[in-house]
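# Survey of secondary and tertiary structure
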Amino acid sequence: MRTTPAGGEKDMRLDKYLKVSRLIKRRTVANEACDAGRVTVNDRPVKASYDVKTGDVIEIRFGEKTVRVAVVDIQDTTKKENAADMYRYV
């Protein structure tokens, strides 16, 4: 996690965010999903290295199912029971 010099807002690589928030179980799987074009942020396909910011809307396609969430919080680590507090379903 990094803080930007301007506003002190936190950001994190997309693949790491997906893993920490437990939207995708492993970081390598998150990387593969991004490479395959199954992950979009703010309606644009992005790479795993994209810096996620609070307020971004992430859409992940799992076969027939699509999950759309808004980023609420960014944390380096979190407990399993608190992971869902990092996003809200849209």
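This write-up is about the structure you can find in this document. Values in this document were obtained by computation on a predicted structure and should not be read as measured data.

Cut-offs used in this document
Residues numbered from 1 in each chain as written. Predicted model: local features only at pLDDT ≥ 70, side-chain atom pairs only at ≥ 80, totals over all residues. Heavy atoms only, no water. Helix = DSSP H or I, 4+ residues; strand = E, 2+ residues; numbered from the N terminus. Polar contact = N/O pair within 3.5 Å; in protein donor to acceptor, adjacent residues only side chain to side chain. Contact = heavy atoms within 4.5 Å. Salt bridge = Lys/Arg side-chain N within 4 Å of Asp/Glu carboxyl O.

### Re the side chain of Glu 59
- Residue position: Glu 59 is located in strand S6 (residues 57-62).
- For Glu 59, the side chain forms a polar contact with the side chain of Arg 68, separated by 2.7 Å.
- With residues near it in sequence (within four places) discarded, Glu 59 still touches Arg 38, Val 39, Thr 40, Thr 66, Val 67 and Arg 68.

### Focus on the pattern of salt bridges
- Counted by the stated rule, this structure contains five salt bridges.
- Between Lys 16 and Asp 76 there is a salt bridge whose closest N-O contact spans 3.7 Å. Here the residue Lys 16 occupies a position in helix H1 (residues 14-20), and Asp 76 occupies one in the loop between strand S7 (65-71) and strand S8 (87-89), the gap between them amounting to 60 residues.
- Linking Asp 43 and Arg 68 is a salt bridge whose minimum nitrogen-to-oxygen distance equals 3.4 Å. Residue Asp 43 is located in the loop between strand S3 (39-41) and strand S4 (44-45), and its partner Arg 68 is located in strand S7; the two are separated by 25 residues in the primary sequence.

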